[in-house]
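These are the residues of each chain, in order.
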Amino acid sequence: MVRIEPAALHFHNLTMSSIKKYFSPDVLFIFLISAVVFLPYAFRLTYYLDDWYYVYDGVVAGPKIFHSMFSVDRPIRGYFFNVFFSVFGPHPLPYHLGAYLWRLIAGVGAYWLLNVIWSGGRRNNFLIAILFILYPGYSWWVSAIEYQPMAVSLALQVFSVFFTLLSIRSAGLLPKALYLLGATLTGWAYIALVDYAIGAEVFRFLCIYLFISHGMEGPFVRRVSAVLKAWLPYLVVSLGFVFWRVFLFESDRQATDIGLHVEKFKTSPLGYLTEMGADFYNSIMNAGVHAWFRQPYLRLMDFRFDVPLLGVILTGAVVLLVTLAGYLWLRRGGLVAPEASQMMAREALLLGGLSLLFGVIPVIAFGRFINLSIYSHYGLPVSLAAAILLGGVICIFPSGRLQYILFSVFITASALTHSLIAERTLVLENSLETFWWQASWRIPGLQPDATLVTRYPYERVVDNPLGLPEALNLIYFPEPRQEDPIRYFASTLMPTQDNVEAILAQKPKKIEGYRTHEMVVQYADIMVLTQPTSFSCVRVVDGENFVVSANDPEALRSLFEYSRVDSIRVAEEVPILPAYAFGREPERGWCYYFEKVDLAVQSADWTNAARLGDEAFALGLAPQDQVEWFPFVQAYAMTGNADRLENILQQTAANTFFNEQVCTALHRSDSKFAPAAEIGALLEEYVCK
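Definitions and limits used
Residues numbered from 1 in each chain as written. Predicted model: local features only at pLDDT ≥ 70, side-chain atom pairs only at ≥ 80, totals over all residues. Heavy atoms only, no water. Disulfide = S-S within 2.5 Å. Helix = DSSP H or I, 4+ residues; strand = E, 2+ residues; numbered from the N terminus. Buried < 20%, exposed > 50% of the residue type's maximum accessible area, 1.4 Å probe, protein only. Axes fitted to C-alpha atoms, helices over the stretch in contact; angles between N-to-C directions. Parallel < 35°, antiparallel > 145°, perpendicular 65-115°, else oblique. Left-handed = near helix turned anticlockwise from the far one by under 90°. Contact = heavy atoms within 4.5 Å. Nonpolar A, V, L, I, M, F, W, Y, C, P; charged D, E, K, R; others polar. Pairing = 2+ DSSP bridges. Core = buried A, V, L, I, M, F, W, Y, C linked by side-chain atoms within 4.5 Å. Expected span 1.5 Å × (residues − 1). Salt bridge = Lys/Arg side-chain N within 4 Å of Asp/Glu carboxyl O. Arc of directions from axis to C-beta.

## A closer look at the state of the cysteines
- Counting across every chain of the model gives 2 disulfides.
- What pairs with Cys-537 in a disulfide is Cys-591, and their sulfur atoms sit 2.1 Å apart. Looking along the S-S bond of the Cys-537-Cys-591 disulfide, the torsion reads about -90°, which is the left-handed sense. Here Cys-537 is found in the loop between strand E6 (526–530) and strand E7 (539–541), whereas its partner Cys-591 is found in helix H23 (residues 590–602), with 54 residues between them in sequence.
- Given the relative accessible area of 1%, Cys-537 is considered buried.
- What pairs with Cys-663 in a disulfide is Cys-688, and their sulfur atoms sit 2.1 Å apart. Residues Cys-663 and Cys-688 share a disulfide whose torsion about the S-S bond is about 115°; that sign makes it right-handed. With a gap of 25 residues between them, Cys-663 in helix H27 (residues 656–666) and Cys-688 in the segment after helix H28 (677–687) connect regions that are remote in the sequence.
- Classification of Cys-688 by relative accessible area gives partly exposed; the value is 24%.
- Shown here for the protein chain is a disulfide pattern of 1-2, 3-4, where each number marks a bonded cysteine counted in sequence order.

In structure tokens:
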């Protein structure tokens, strides 16, 4: 028999006690609830909006390009992405899993931190931690590549404060010094990754104040003196960063250039302060109030309150888990006495409210503000403060059961909000993938310096007037090359008012760029790609041979006659789209044959076009937008297949808008669409009457 020495037994018991203390069933529930909300979507989401330029620039120029990308404002992100991209490459799944993992780490760290501050309020600490993980005001988690540093910064922020309290609590010199070092390093790191998060240093101070106040009696001045003494070593975090940022680092990006804002203030103090005041108020309301109330409503409105089935299932699972956790707490009798709950409520209101106020100030100072959409990431550093503030409001109610019900309502609403955010993003991402798969069927190859005007079926597929050139270039120009900045061989434009006016005015070409890439935009030499609805096929508009869909916007129609297809390399093999970016090839249904027939018509390969049309007919395929019959009409007219042609014309007989356009095309003297007299008479009978 092995004899265990008393010292070893004591160490063993101490270790097991620490493990049970930090990895309690509450941590398991935090993991389960957050996993139900985020993990099902982590395996389905791909790239969203600005993720694309990280991917393409990284694929073409390699991970080192990220140093150049962030040298102008946040250099540490260059090292961060260098490591991440070197390990995971452009594959989206690791980034989505990473975004969730950092969020989970932050939530567990918040639970441990709150337990240090309010050791008698573990139930409410647990619920606040869940609210923090599910904070609905932050909607950019679906863009897991670009916003990965924000998730890491938040986790480091939480643990920096947690290590601070552990250092103060530790009696031994070595653990105190190690925790102090950990708090300092994680403090520098979280601010270096997200500079506007520096306002969280006020949160650190307030946590120190509450922690020391709980263990110290006596005059207020004595407690403040002890707090200042404990807080003083951590000034090196904020002051060290500010010194580097103001005196050592020169920013080339105006949004993060502090000197620029000083100049604005000098130019118009009253105007500058008025603008800042409005942004400050709106940011406070969005981060602390509207995130919990208005955001769920807005996301429900996106779906007109018709929640997708998966969202219902996942939200229902969260309700069951929260109910189970409540049952277990009920069996344990809870750990929050009414008087302790009221004290916690007052302190949570103080901690959450002041941390929120001071946390927003750096965001405003950097010329930004917090909203619930494109600038929601600016609210992430104050999301813990917002959760604590809401928890304080809930804890005002004297009934423990009522508190739990209110917490559960907000947790459920937050879970549903994230599900709706993800579902909406999936619609947009799938739409984008489908668009470019269809475009690749139609465009085998592309000449360099081509400019494509792209019209997607949903507005939020792209949020930039310059479109999404990275997807286009990843398909047709994926070859690695050592360039800085990277030249995009093809450019894109969205049909915004400014771009439409520039094209109609035939303005000269222009070089557009951002951080590590640039491209040539040819306003006088464009090619229009349009998919006006989700049930339409992508149409490549040939300015010399086109018809208009009733679903095409008026502004876009004005560009059709300027659209040229000369930049298409018709003899090229169809490109192979990388599955990690565009998913698997869609089913080769109607749109596949439409694109192939249209490509054959472009080359006046009437025989091949008709053959492809016969295949589509044999499969029983037909369009939902009848404008897509146009290349089939031309193919069968030019090959003299009257039966097929009449079949189509009978289906479109009631579509006057389409028929009038076919009639106009038939009578164009410069058109390659010139069927034989007998077929021409048949067309006249159907489309020109």
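## Some words on the packing of helix H7 (residues 122–133) against helix H18 (residues 400–442)
- Two elements in contact, H7 and H18, have axes separated by 10 Å at closest approach and are oriented at 15°. Relative to H18, the element H7 is oriented roughly parallel. Read as a crossing pair, H7 and H18 show a hand that is left-handed. Here Arg-123, Asn-124, Phe-126, Leu-127, Ile-128, Ile-130 and Leu-131 of H7 come into contact with H18, specifically with Gly-400, Gln-403, Tyr-404, Phe-407, Phe-410 and Ile-411.
- Here the contact of H7 with H18 is composed, by residue class, of 9 nonpolar, 3 polar and 1 charged.

## A look at the sheet that holds strand E1 (residues 450–455)
- Taken together, 4 strands build an open sheet; the order of strands is E3-E1-E6-E7 and the sheet is mixed. The open sheet terminates on both sides in strands that have one partner only, identified here as strand E3 (490–493) and E7. Going across the sheet, the axis of each strand differs from the next one's by a mean of 30°, ignoring polarity.
- Examined bridge by bridge, E1 and E3 share 4 bridges and lie parallel to one another. Across the sheet, Ala-450 pairs through a bridge with Ala-490, a residue of E3.
- Its contacts with the sheet place helix H19 (residues 469–476) against E1 and E3, and it is angled at close to 150° to E3.

## Re the nonpolar core
- Counting residues in hydrophobic clusters, the biggest one holds 223 residues, and the most contacted among them are Phe-126, Trp-436, Leu-446, Leu-529 and Phe-582.
- When residues in this core are grouped by element, the largest group, 15 residues, is from H18.
- Residues in contact with Phe-582, not counting those within four places in the same chain, are Trp-52, Glu-433, Trp-436, Trp-437, Ala-471, Leu-474, Ile-475 and Leu-577.

## Digging into helix H17 (residues 383–395)
- Between its terminal C-alpha atoms H17 stretches 18 Å, which fits the 18 Å expected from 13 residues at 1.5 Å a residue.
- For H17, the buried fraction is high: 12 of the 13 residues fall into the buried class.
- Within H17, burial applies to Ser-383, Leu-384, Ala-385, Ala-386, Ala-387, Ile-388, Leu-389, Leu-390, Gly-391, Gly-392, Ile-394 and Cys-395.

## A few points about the pairing of strand E5 (residues 517–521)
- Alternating positions in E5 separate cleanly, His-517, Met-519 and Val-521 being buried on one face and Glu-518 and Val-520 remaining unburied on the opposite face.
- Strand direction decides the pairing type here: strand E2 (residues 486–488) and E5, joined by 3 bridges, are parallel. Bridging from a neighbouring strand, Arg-487 pairs with Glu-518 of E5.
- Taken together, the 5 bridges between strand E4 (residues 510–514) and E5 define a ladder with antiparallel strand orientation. Residue pairing for E5: Glu-512 is matched across the bridge by Met-519.

## Structural notes on the pattern of salt bridges
- A full pass over the atoms with the stated rule returns 14 salt bridges.
- One salt bridge connects Arg-299 with Asp-302, and the closest N-O pair in it is separated by 3.6 Å. A residue pair is termed a helical-turn pair when its members lie 3 or 4 positions apart in one helix, as Arg-299 and Asp-302 do in helix H14 (residues 269–302) at 3 residues.
- Between Arg-442 and Asp-598 there is a salt bridge, with the nearest N and O atoms lying 3.0 Å from each other. With Arg-442 in helix H18 and Asp-598 in helix H23, the pair connects residues that are 156 residues apart, well separated along the chain.
- The exposure class of Asp-598 is buried, given its relative accessible area of 13%.
- A network of salt bridges, in which partner residues are shared, links Asp-73, Arg-74, Asp-195 and Arg-515.

## Notes on H28
- Turning to H28, its buried residues number three or more, namely Ile-679, Gly-680, Leu-682, Leu-683, Tyr-686 and Val-687. On an axial view of H28, the arc spanned by its buried residues comes to 160°, and they lie on one face. Relative to its buried face, H28 has exposed residues pointing more than 90 degrees away, namely Ala-677, Glu-678 and Glu-685.
- Those residues of H28 hidden inside the fold are in contact with helix H25 (630–638), helix H26 (642–651) and H27.

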